[in-house]
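Descriptive structure summary
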Amino acid sequence: MKKGYISVIPAAGLGTRFLPASKAVPKEMFPIVDVPTIELIAREAIASGSKKIIIVISSSKEAILCHHFTYDRSYEEYLIAKGHQDLADRLNQIAKEVEVTFVLQKEQKGLGDAIYACRNVIKDQPFGVLLGDDLMTYEGHKPVLKQLFDAFEKTHSSILGVQEVEASQVSKYGVIDIEEKETNRLFSLKGMVEKPKLEEAPSRYAALGRYVLTPAIFKALEKTPKGKGGEIQLTDALMLLNAVEPVYAYAFEGKRYDIGDKVGYVEAIIDFALKRDDTKEAIKKFLKDKDLR
Ligand code: G1P
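What comes next concerns the included structure. Residue indices begin from 1 for each chain and proceed along its sequence in written order. This being a predicted model, a pLDDT of at least 70 is required before a residue's local features are given, and a value of 80 or more before pairs of side-chain atoms are given or counted; all residues contribute to the totals for chains, interfaces and linings. Note that the side-chain values use all heavy atoms of the structure and ignore hydrogens as well as water.

1. A word on the site of the ligand
We define proximity as follows: a residue is near a molecule or strand when any one of its heavy atoms falls within 4 Å of that partner. Around the ligand, the neighbouring residues are Leu131, Asp134, Tyr173, Gly174, Glu194, Lys195, Ala207, Gly209, Tyr211, Gln233, Thr235 and Arg256. A distance of 2.5 Å separates an oxygen atom of the ligand from a polar backbone atom of Ala207. As used in this structure description, the phrase polar contact means that two N or O atoms lie within 3.5 Å; if the pair is within protein, one of them must be able to donate a hydrogen and the other to accept it, and residues adjacent in sequence are counted only when both atoms belong to side chains. Here an oxygen atom of the ligand and a side-chain polar atom of Thr235 are 3.5 Å apart. Protein chains shield 79% of the accessible area of the ligand, which is 380 Å² for the free molecule. Counting from the N terminus, the helices are DSSP H or I runs at least four residues long and the strands are E runs at least two residues long. Top element by residues in the shell around the ligand is strand β11 (residues 205-213). It accounts for 3 residues. For this classification, the nonpolar set comprises Ala, Val, Leu, Ile, Met, Phe, Trp, Tyr, Cys and Pro, the charged set comprises Asp, Glu, Lys and Arg, and every other residue, Gly included, is treated as polar. Residues of the shell around the ligand, tallied by class, amount to 4 nonpolar, 4 polar and 4 charged. Here the Shrake-Rupley method, with its probe set to 1.4 Å, supplies the accessible areas, and only the displayed protein chains count as covering residues.

What follows is the structure, given as structure tokens:
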């Protein structure tokens, strides 16, 4: 990849599934052990080559999210003076690594509207999207968004990251209808349905929160009427886009956690804790000592 693509992280949602915790603290700041989920998502964008990230926020979340991505020099100096160089390094790590722009979504009108809010910053370049509820691990593989950027280098068309999900899960996602397989992992898209009933689902392949979009998506979003849940759905805009230019799906490699769901969130914390040197032995012992039958 010659240049880094811009990545967008929509973070303006209310987080109602995590009330009361999400009343005062943006759910994007909830930690996986000690790292806020939005920092982990941003790290995937950086590892995928993005040097600039746009975070779409609502006004109530602005202060806290901006603070997290701001270089805090006095706190850093304080930690160093106390002999905590390691903590000082972690404190400002994300602020050092990436340029962040905040874009305000004025009303919570859905994912499509959040993406549309970025049009004047992105202008006429392709860009990545990472949804904060979808946390990825990808040991042994490229970062998930990088897999999509690499596929984009070949197709120059919008691409959705997909994986097969269980039948019981299809109604939670945008589900794709496949035209034909270009390769083992790349499919050209025939259609897509937002959160279909199982009987109406065109496949088991669900869009799991990673996209590369061409700027033509903004024109499609302009014409997208309110869809499921009365919101402007990215899925509907992708279908309008597919009528004027090809859209692809890529079956990415890696494990995805639904951290917008309580169980998925706890699973992610346990798995991350089991991989970290500073926590794994203690958590392994804790789980082993539990009589879980
Ligand atoms: C959004 C998208 C959906 C996608 C999902 C992935 O839904 O609208 O197409 O499958 O993210 O997590 P949400 O869960 O935000 O309602």
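2. Focus on the environment of Val170
The residue Val170 is located in the loop between β8 (158-164) and β9 (174-181) in this model. C-alpha of Val170 to C-alpha of Lys197: the two residues are 27 residues apart in sequence and 7.3 Å apart in space. If near-sequence neighbours (up to four positions away) are discounted, Val170 is found in contact with Val165, Val175, Lys195, Pro196, Leu198, Ala201, Ser203 and Arg204. The contact definition used throughout considers only heavy atoms, calling two residues in contact when any of these lie within 4.5 Å.

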